[in-house]
Amino acid sequence: MGLLDGKVAVITGAGRGIGAAVAKLFASQGASVVVSDLDEGPAQAVVEEIKKAGGKAIACCGNVMEEATNQALIKAAVDSFKGLHILVPCAGFCNDSVIQKMSLEVFRQMVAIHMEAPWMLCRAAYPVFKEASADGVIRKVIFISSEAGSRGNAGQTNYASAKSGVIGLMRTVAKEWLRIRVNSNCIAFGFVDTRLTQADCGSTIMGAKIGLPGNLRQMAEQGVTMRGGRLLTPEEGAGSIFCLAIPQADGINGQLVEVDSGVGI
Ligand SMILES: NC(=O)c1ccc[n+]([C@@H]2O[C@H](COP(=O)([O-])OP(=O)(O)OC[C@H]3O[C@@H](n4cnc5c(N)ncnc54)[C@H](O)[C@@H]3O)[C@@H](O)[C@H]2O)c1
């Protein structure tokens, strides 16, 4: 018996980091998972790992900044697993610089990935959620923000604005979807140890350098540890999303939860 038996989840950015850990955790608790990422190789690897452990998953890859990808994800869930219960729009990356050095294009890139993509996924899911609402089951959207969004962070006017916007999206979806029994909540992460926060990782997405310059990573890490906190693992990040996903948490709706080992207190 798993806590997510019979549930169908769509998780974007699930080829790596927090999204991959969510996909594996959800599947280990009985959910059927649509694993989505820009990169097919890592997404397939997550699917294989889930299947090897006896779980159910399919990969459905693409760029979530495009509407067709979001529509395909909802269709994949319904066609393959005959249902839809949980959305976790987790895909993301950063493209940092101070405001005076940032182009409008780079600002808009973050709005597209962190605000527009989750909005498009929700809009694509609406007809399915509406039709399914007659069964009385509470469905869930768990948005992913950042403490850059809830508190601000130098060098990230684009990312922070978009991650703040997703909090407004979460609260509005919570209000609009009360009547179709879909809960909407959001996790704002502090520092999670993933490719996104690795030092000089060398990867790029759409022209954005992924990871932090070595000295910045060290400074950020020190900032957390000096305040008595610690970097979280992707699995700990996934755990907080899981807490909101389970039926035992059906009473939680419209909430932002900061997950940062306590350094933000
Ligand atoms: N790691 C942290 O400290 C931290 C802190 C706050 C918020 N977050 C947020 O958590 C989420 C997951 O990040 P992570 O740390 O696991 O990073 P990660 O780099 O390990 O994983 C992100 C995944 O998203 C995918 N992705 C990126 N752009 C995409 C696109 N356009 N279409 C489809 N897939 C795309 C990447 O390929 C990657 O596999 C992001 O939204 C991020 O902003 C992370």
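Residues numbered from 1 in each chain as written. Predicted model: local features only at pLDDT ≥ 70, side-chain atom pairs only at ≥ 80, totals over all residues. Heavy atoms only, no water.

**Points about the site of the ligand**
The line we're drawing: Near, as used in this document, describes a residue that has one of its heavy atoms within 4 Å of the molecule or strand being considered. Within 3.5 Å is the distance limit for a polar contact, defined as a pair of N or O atoms, with the added protein rule that one can donate a hydrogen and the other accept it, and that residues adjacent in sequence qualify only through two side-chain atoms. Secondary structure follows DSSP: runs of H or I at least 4 residues long count as helices, runs of E at least 2 residues long count as strands, and numbering of each begins at the N terminus.
Around the ligand there are 32 residues in total, and Ile18, Asp37, Tyr159, Val192 and Thr194 lie nearest to it. Within the backbone of Cys90, one N or O atom sits 3.0 Å away from an oxygen atom of the ligand. Here Tyr159 contributes a side-chain N or O atom positioned 2.6 Å from an oxygen atom of the ligand. The set of elements that each furnish at least two residues to the shell around the ligand consists of helix 1 (17-28), helix 4 (104-132), strand 5 (139-146) and helix 6 (157-176). Of the residues forming the shell around the ligand, the biggest block, three residues, is contributed by strand 5.

**Re the packing of aromatic side chains**
Quick note on the threshold: In summary, the pairing rule links any two rings of Phe, Tyr or Trp, Trp by its six-membered ring, whose centres are within 6.5 Å, and it sorts them by plane angle into stacked for under 30 degrees, edge-to-face for over 60 and tilted for everything else. Throughout, exposure labels follow a simple rule: accessible area from a 1.4 Å probe, protein chains only, divided by the maximum for the residue type, with under 20% read as buried, over 50% as exposed, and the rest as partly exposed.
What the rule picks out here adds up to three aromatic pairs. Ring centres of Phe26 and Phe242 lie 6.5 Å apart, and the angle between their planes is 50°; on these two criteria the pair is classed as tilted. A residue pair is termed long-range when its members are at least 10 positions apart, and Phe26 in helix 1 and Phe242 in helix 8 (residues 234-245) qualify at 216 residues. Judged on exposure class, the residue Phe26 and its partner Phe242 are both buried. Ring geometry for Tyr126 and Trp177: centres 6.0 Å apart, planes at 40°, overall tilted. One end of the pair, Tyr126, is in helix 4; the other, Trp177, is in the loop between helix 6 and strand 6 (182-189), with 51 residues separating them in the sequence.

**Quick word on the side chain of Asn158**
The line we're drawing: Residues count as neighbours in contact if any of their non-hydrogen atoms are within 4.5 Å of one another.
Within the element layout of this structure, Asn158 appears in helix 6. Of the polar contacts made by the side chain of Asn158, one reaches the backbone oxygen of Val106; its length is 3.4 Å. Each residue touching Asn158, except ones within four places of it in the same chain, is listed here: Asn95, Met102, Val106, Phe107 and Met110.

**Looking at the nonpolar core**
Heads up, the rule is: Residue types Ala, Val, Leu, Ile, Met, Phe, Trp, Tyr and Cys, when buried and joined through side-chain atoms within 4.5 Å, form a set referred to as a nonpolar core.
Leu87, Phe129 and Phe143 are the most contacted members of the largest nonpolar core, which has 43 residues in total. Looking at this core, the elements that each hand over two or more residues are strand 1 (8-12), helix 3 (67-81), helix 4, strand 5, helix 6 and strand 6. Looking at this core, the element that brings in the most residues is helix 4, giving nine residues. With near-sequence residues (within four places) excluded, Phe143 lies in contact with Pro89, Pro118, Cys122, Val166, Leu169, Met170, Val173, Ser184, Asn185, Cys186 and Ile187. Counting 36 residues, the second-largest nonpolar core is a separate cluster that includes Ala31, Ala57, Ile142 and Ile241.

**Examining helix 4**
Under the convention used in this document: The span expected for a helix works out to 1.5 Å for each residue beyond the first. One fitted axis covers the seven residues ending at a residue, a second covers the seven starting there, and the bend at that residue is the angle between these axes.
For helix 4, which comprises 29 residues, the first-to-last C-alpha distance of 40 Å matches the rise-based estimate of 42 Å (1.5 Å per residue) to within 8%. The sharpest bend along helix 4 comes to roughly 40°, located at Tyr126, with the proline Pro127 sitting one to four residues further on.

**With respect to the pattern of salt bridges**
Heads up, the condition is: Salt bridges are defined as contacts in which a side-chain nitrogen from Lys or Arg sits within 4 Å of a carboxyl oxygen from Asp or Glu.
Tallied over the entire structure, the rule returns eleven salt bridges. One connected set of salt bridges, linked through shared partners, spans Arg16, Asp37 and Asp39.

**Focus on the sheet that holds strand 6**
Definition in use: DSSP-based pairing: two strands are paired if at least 2 bridges between them are found. Think of each axis as a best-fit line through the C-alpha atoms, taken over the contacting stretch in the case of a helix, with angles from 0 to 180 degrees between the N-to-C directions.
With parallel pairing, seven strands are arranged side by side in an open sheet as 3-2-1-4-5-6-9. Whereas interior strands pair on both sides, the edge strands pair on one side only; in this sheet they are strand 3 (56-59) and strand 9 (256-259). Strand-to-strand twist in this sheet, taken as the mean axis angle between neighbours without regard to direction, amounts to 20°. Here eight bridges tie strand 5 to strand 6, and the two strands are oriented parallel to one another. Pairing of Ile142 across the sheet is with Asn185, part of strand 6. Against the sheet, helix 8 engages strand 4 (86-89), strand 5, strand 6 and strand 9, with an angle of about 160° to strand 6.

**Comments concerning the environment of Ala68**
Tracing the backbone through its elements, the reader meets Ala68 in helix 3. Owing to a relative accessible area of 53%, Ala68 belongs among the exposed residues under this scheme. Sequence-wise, Ala68 and Ala124 are 56 residues apart; in three dimensions their C-alpha atoms are separated by 9.3 Å.

**Observations regarding the pairing of strand 2 (residues 32-36)**
With respect to burial, strand 2 is a largely interior element, five of its five residues being buried. On strand 2, burial covers both faces: Ser32, Val34 and Ser36 on one face and Val33 and Val35 on the other are all buried. Summarising the sheet, strand 1 and strand 2 pair through five bridges and their orientation is parallel. In the sheet register, Ala9 faces strand 2, and the bridge partner there is Val33.

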